[in-house]
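# Observations on chain architecture
What follows is each chain in one-letter form.
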Amino acid sequence: MNVSQLIIATLGAMLTAQATAKEEPIERINTTASRTAASTSNLPQTLSQVAQQDLALIAPTHIEEALKLVSGANLQRGNGQEYLPALRSQVLSGAGACGGILTAEDGIPLRAAGFCNINELFEAHSEMAQRLEVLKGPGSVLYGSNAVHGVINVITPDTTYDNAMLGLDLGSYGYSRYKLRAGKDFGNTGLGINASITSDSGYRVDEGVEQQKINLRHRYSAQQFTLQTGVTLTNLSQDTSGYASNYAHTKQPADNTQQPKPYRDANALRLWSKASWDLKSGDMLTVTPYLRDQKMTFIKHFLPGTPLEQNSQQGVGILSLWQRDLTSAFQLQLGFDGEYTRGDMLEQQDFPATGSPFVVATVPTGKHYDYDVSARVYAPFAALNWQFDNWLVHGGLRYEHVRYNYHNNMLSGRTKDDGSECAMGGCRFNRPENGVQQFDNLSPKFGVSYQLTANSLLYTNLSRGYRAPQTAELYQLQRDQSVADLTAETANNLEIGYRLSLPHLRYSLAVYQMSKHNFIFRDSAFFNVNDGKSRHRGIELELQYDISNTVDIAVAASSARHTYNYSQVLNGIDINGNDIDTAPKLLANIQLGWTPSDNTQLGLEWHYTSRYFTDPENLHQYEGHNLFNLRGSWQISPALTLYGRVINVNNRAYAERADFTAFDGDRYFPGKPRHFSLSLLYRWH
């Protein structure tokens, strides 16, 4: 049975179960769709959640393990904590590709607009999260630049009440994690801590991760006022094993003699304080100022010459929302978001490049780039909800202004750092003159939902997403390009969906079509341009069904097509209409659970990734894979729980990520062979 047949069969089972199930109202609380802890089950948009009990059972060593439970999400893990993301898209790669998905922790974007990093989710405390929330598509005026394909929001627990937890994870290949959660309630105030320490010596040669994360939380509440303050500190020290030439069960990296040895060191601080007022008039006001301070140093092992990059950013911002019920039917939301950030970037190569004579001649040692950028963003927005009978009509508009002030700290142009020329036509790296760029965008949203029954909803929405060019796309130029004349990427999205929530059955079905315009890419002349177009069409299913009192099934499946929608000739082939590289058409995650007793749970997980092309010409491909995992838990006492896992039960040789380059040919990040882990969690109040 293929995945399409499985989806059809599952839908038939759902409809049968729906006809016989008793309806009782079920409410799900989230914060991503509304910036408040509220039920948004009738909003015309798709939001998925990975709950705390799922996270406890998985104990993810990497966030991609948890996001497999979200249909349409496809994070491809690199080495250590690195990854490339996809959400209703191909797997995104390149200097500014991280701008396609907004990532956040507790509603605060992890990075400033214009300064994203493709791996930035390792700065969120997903290992100790309360839940993960994924808003799909550009469906909300609350989010602006970078929320083109959606939002991934890591929600940390409120630890300011009397509760505590100690945990230990141990696994194959030297993996360990120590976990602590504790809080104290003083009445109208509270304090709490949420911390984890991870060590992983890794499966392959020259890899390993040491990572520490901590959340601190304070709460103060009065009669109509609440103040919550949070601090997140993260630190990562990683030895990185690069691509391999095959994905067999080999511990060797592609080149064990590579100099310098790839690594990544990163640390981040975020401080926020959310003030909420429930006013006597019935209005609600929230204001959330925040501060970021981030630094990262890493070897770009995926580039010729393996240069060192050092980057940092410091900034402040504010999120705000005012909500008023104009009448019993109309609700108005107004808000303003703004931030100021200063970022800097240095790229330097200490060892001569290896490879062809052309690469050696055009990729020089010394500094490639050295610049800083001051950026400011301001974005007012408004939304109106009209509720009448079983209908909800939602409309909104967001305006966003982004301004970059760029300063080059070395010689401008296409030379070595001492001003001398490179042979064979010139150096690869080109540094633009100082300058200012700004981008203004409007993002309208419109949606309608209809409550068919107490627990079923039909909805549709039209929305536009956008992202301003990232600073890396504007200022890290190559070859003859001295100015990047870029505009914002835009995406027009149409979505139709259906949701049902019953005591023993819950599912959502969504169909979407998105057309993206002005997407930014590096063309065959190595210019950063944005005349690209693409189409994204898909159907997604998420289902949880209690087959009996002891057996349940959960499905997250998507069938999608992501294609180029413009003409560009590469190696004599016009890619118009081709599949975008690294875009599997079918993804499915199916979990079968068995609860033989009140204190025991067992689960079998099947994850399927279909084949996909690894180049735009569609000449090379990865065959796809099937993976099986076993997980179980045993509640030894009310306070103590033991978890066990066998990952890659079938010991399949597979690639976490596969791609193709003209320089290296096929290359892979191999997946781990069969491995094991155990966890102990001790909770008390």
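Residues numbered from 1 in each chain as written. Predicted model: local features only at pLDDT ≥ 70, side-chain atom pairs only at ≥ 80, totals over all residues. Heavy atoms only, no water.

### What to know about the packing of aromatic side chains
Convention followed: Between 30 and 60 degrees the pair is tilted, below 30 it is stacked and above 60 it is edge-to-face, where a pair is any two Phe, Tyr or Trp rings, Trp via its six-membered ring, whose centres lie within 6.5 Å. Put simply, DSSP H or I for four residues or longer makes a helix, DSSP E for two residues or longer makes a strand, and each gets a number counted from the N terminus. Burial here depends on accessible area, computed with a 1.4 Å probe over protein chains only, as a share of the maximum for the residue type. Under 20% is buried, over 50% is exposed, and the range in between is partly exposed. We call a charge positioned above a ring when the Lys NZ or Arg CZ atom is no farther than 6 Å from the ring centre and deviates by at most 35 degrees from the ring normal.
Taken as a whole and assessed by the stated rule, the structure comprises 23 aromatic pairs. Between Tyr371 and Tyr475 the ring centres are 6.0 Å apart and the planes differ by 65°, which places this aromatic pair in the edge-to-face class. Taken together, the residues Tyr371 in strand β19 (residues 366–388) and Tyr475 in helix α5 (residues 471–475) connect sequence positions 104 residues apart. The buried category is assigned to Tyr371, whose relative accessible area is 4%. Residues Trp606 and Phe628 carry aromatic rings whose centres are separated by 6.3 Å and whose planes lie at 10° to one another, so their mutual orientation is stacked. Taken as a pair, Trp606 in strand β32 (residues 600–609) and Phe628 in strand β35 (residues 625–635) lie far apart in primary sequence, 22 residues in all. Members of the aromatic cluster, each reached through a chain of ring pairs, are Tyr247, Tyr612, Tyr622 and Tyr668. When the ring centre of Phe298 is taken as reference, the NZ or CZ atom of Arg264 above it lies at 4.3 Å. Here the basic side chain of Arg479 rests over the ring of Phe526, its NZ or CZ set 3.6 Å away from the ring centre.

### Thoughts on the pattern of salt bridges
Basically, it comes down to this: By definition here, a salt bridge exists when the distance from a side-chain nitrogen of Lys or Arg to a carboxyl oxygen of Asp or Glu is within 4 Å.
According to the stated counting rule, one finds 35 salt bridges in the structure shown. The partner of Glu540 in a salt bridge is Arg88, and the shortest N-O contact between them spans 3.0 Å. Separated by 452 residues along the polypeptide, Glu540 in strand β27 (residues 528–546) and Arg88 in the loop between β5 (83–84) and β6 (102–105) bring together distant segments of the chain.

### Digging into the pairing of β32
To be explicit about the condition: DSSP-based pairing: two strands are paired if at least 2 bridges between them are found.
Across nine bridges, strand β31 (residues 586–597) lies against β32 in antiparallel orientation. Residue pairing for β32: Gln591 is matched across the bridge by Glu605. Hairpin connection between β31 and β32: a loop of two residues separates the two successive antiparallel strands. Summarising the sheet, β32 and β35 pair through 10 bridges and their orientation is antiparallel. When the sheet's bridge partners are listed, Thr609 is paired in β35 with His625.

### Quick word on the side chain of Asn311
Heads up, the rule is: In protein, a polar contact means a hydrogen-donor-capable atom and an acceptor-capable atom, both N or O and within 3.5 Å, with residues adjacent in sequence counting only if both atoms are side-chain atoms; elsewhere, any N or O pair within 3.5 Å suffices. Two residues form a contact once any of their heavy atoms are found within 4.5 Å.
Among the secondary structure elements, Asn311 is positioned in strand β17 (residues 308–325). A polar atom in the side chain of Asn311 sits 2.8 Å from the side chain of Glu309. If sequence neighbours within four positions are ignored, Asn311 has contacts with Gln294, Lys295, Met296, Phe298, Asp344 and Met345.

### Looking at the sheet that holds β6
Pairing is mixed in the open sheet, where five strands are placed in the order β3-β8-β9-β6-β7. The open sheet has two edge strands, β3 (46–50) and β7 (108–109), and neither has a second partner. Pairing geometry for β6 and strand β9 (residues 150–155), over four bridges, is parallel. In the sheet register, Leu102 faces β9, and the bridge partner there is Val151.

### Considerations on the nonpolar core
What counts is decided by this rule: Here, nonpolar core refers to any group of buried Ala, Val, Leu, Ile, Met, Phe, Trp, Tyr and Cys residues whose side-chain atoms link them within 4.5 Å.
Counting residues in each nonpolar core, the largest one holds 29 residues, and the members touching the most others are Val50, Ile63, Leu67, Leu121, Leu132 and Val154. If you list the elements that add at least two residues to this core, you get α2 (52–58), α3 (63–67), β5, β8 (131–136) and β9. With three residues, α3 is the largest single contributor of residues to this core. Grouped together as the second largest cluster of nonpolar side chains are 24 residues, Val402, Tyr404, Leu486 and Ile520 included.

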